[in-house]
Amino acid sequence: MDKRPVGIFDSGFGGLTAVKALRALLPDEDIIYFADSARVPYGAKTPAQLRRIAKQDMDLLSSCGVKAILAACGTVSSNTADIIESYPVPAMGVIKSVVKAMGNLPLSGAVGVIATEASIKSGVYQRQLGALCPGREIIAVPCPAFVPLIESGHVSPDDEELKAAVRDALKPMKEGKIQALLLGCTHFGIISEAISAYLGEDVILVSAADCAAKEMASYLEKNSLTGGGGSLRFLTSGSAEDFSASAAKFLGTSEFPCPEHVPVMEV
Ligand code: DGL
């Protein structure tokens, strides 16, 4: 048993998808989540900026005494795997688990990958998925419009702006008749209903946040590191009030202390 908290971070609300999934699997874990809202979107940053961000975000969580860190961010995970994997506190990103889950689906047709610009540009999802499913058609599309929409509250499947953005971005997926879609950005789980409404319910959505939460839960269980009181603590580089309201809405609980504001530097 290890009662220290688990640290999770992302650029804004997106990583809350991983927080929610981990709490569903291991409700007794204490979780500290850092929302780097002042520097969102990570997807528009350069690999060099993302390397500085990864280090700073992990150092912040590490200074809070966490037992493990989940980089709940496809963009950081795809651009800084070496930093995450060699970090002194056990840390993992979101790529390997979701690629494995996607590769295990009993499908033979085309599959899609959507993520941020920086993730798709890195080619990591495409390479790892291609290696696991040789010969499979992989349609990879960056969706830079999604994160700003989600961060500004356009998340309802009936939201006209969101519906238009989903239609524009996912047209190649529909034309390519994909059987499954990898949600390679943790924000995208928040709009999965809008995505399914456009693509059709028969297209399987595989979420990087859910797969990473499962991987973290199984790491903690296998290494006898589970345990805690089930508390939530939030740090944010943005507005504490905005984050508090969104977290309460998304997680369905307001049982957490007021988020703490943490200043960050420009990268
Ligand atoms: N949610 C993050 C990801 O998984 C970051 C999105 C962004 O800030 O652009 O890629």
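So, here is what we can say about the structure in this document. For clarity, every value in this text was computed on a predicted model and none was experimentally measured.

What about the pattern of salt bridges?
Part 1 of the argument: The full count for this structure, using the stated rule, is 10 salt bridges.
Part 2 of the argument: For the salt bridge of glutamate 85 with lysine 96, the shortest nitrogen-to-oxygen distance reads 3.4 Å. In this pair, glutamate 85 is assigned in helix H4 (residues 81-85) and lysine 96 in helix H5 (residues 95-103), connecting sequence segments 11 residues apart. Across the pair, exposure class does not vary: glutamate 85 and lysine 96 are exposed alike.
Part 3 of the argument: Look at the salt bridges and you will find they share partners, linking Asp36, Arg39 and Asp57 into a network.

Brief notes about helix H1 (residues 16-25)
Part 1 of the argument: For H1, the full list of buried residues reads Leu16, Thr17, Ala18, Val19, Ala21 and Leu22.
Part 2 of the argument: Its buried side turned inward, H1 meets strand S1 (6-10), strand S2 (31-35), strand S3 (68-71), helix H11 (208-222), strand S9 (232-236) and helix H12 (240-251).

Observations concerning the sheet that holds strand S10 (residues 260-261)
Part 1 of the argument: Spatially, the six strands line up as an open sheet ordered S4-S3-S1-S2-S9-S10, and their pairing is parallel. Edge strands, defined here as strands with exactly one partner in the open sheet, are strand S4 (91-92) and S10.
Part 2 of the argument: With five bridges connecting them, S2 and S9 associate as parallel partners. Directly across from phenylalanine 34, in S9, lies its bridge partner leucine 235.
Part 3 of the argument: Set on the sheet, H1 makes contact with S1, S2, S3 and S9; between it and S2 the angle comes to about 170°.

Observations concerning the sheet that holds strand S8 (residues 204-207)
Part 1 of the argument: Here four strands make up an open sheet; going across it, the order is S6-S5-S7-S8 and the pairing parallel. Each having just a single partner strand, strand S6 (138-142) and S8 make up the two edges of the open sheet. On average, each strand axis in the sheet is tilted by 20° relative to the strand beside it, whichever way the strands run.
Part 2 of the argument: The pairing of strand S7 (residues 180-183) with S8 spans four bridges and is classified as parallel. Bridge pairing links leucine 181 to leucine 205 in S8.
Part 3 of the argument: Against the sheet, helix H10 (residues 192-199) makes contact with strand S5 (111-115), S7 and S8, and its axis sits at roughly 155° relative to S7, the strand it touches most.

So, the packing of aromatic side chains
Part 1 of the argument: Under the counting rule described, the total for this entry stands at six aromatic pairs.
Part 2 of the argument: For the pair tyrosine 33 and phenylalanine 234, a centre-to-centre distance of 6.3 Å together with 85° between the ring planes defines the contact as edge-to-face. One end of the pair, tyrosine 33, is in strand S2; the other, phenylalanine 234, is in strand S9, with 201 residues separating them in the sequence. Accessibility assignment for this pair places tyrosine 33 and phenylalanine 234 in one class, buried.
Part 3 of the argument: On the numbers, 4.8 Å between centres and 80° between planes, the contact of phenylalanine 234 with phenylalanine 256 is edge-to-face. Placement of phenylalanine 234 in strand S9 and of phenylalanine 256 in the loop between H12 and S10 is noted, with a sequence separation of 22 residues between them. Neither residue differs from the other here; phenylalanine 234 and phenylalanine 256 are each classed as buried.
Part 4 of the argument: The residue whose ring lies beneath lysine 20 is phenylalanine 250, and the NZ or CZ to ring-centre distance is 4.5 Å.
Part 5 of the argument: A cation over an aromatic ring shows up here: lysine 174 above the ring of tyrosine 198, its NZ or CZ 4.1 Å from the ring centre.

Here is what the cut-offs are and how they apply
- Residues numbered from 1 in each chain as written.
- Predicted model: local features only at pLDDT ≥ 70, side-chain atom pairs only at ≥ 80, totals over all residues.
- Heavy atoms only, no water.
- Salt bridge = Lys/Arg side-chain N within 4 Å of Asp/Glu carboxyl O.
- Helix = DSSP H or I, 4+ residues; strand = E, 2+ residues; numbered from the N terminus.
- Buried < 20%, exposed > 50% of the residue type's maximum accessible area, 1.4 Å probe, protein only.
- Contact = heavy atoms within 4.5 Å.
- Pairing = 2+ DSSP bridges.
- Axes fitted to C-alpha atoms, helices over the stretch in contact; angles between N-to-C directions.
- Phe/Tyr/Trp six-rings, centres within 6.5 Å; stacked < 30°, edge-to-face > 60°.
- Lys NZ or Arg CZ within 6 Å of the ring centre and 35° of its normal.

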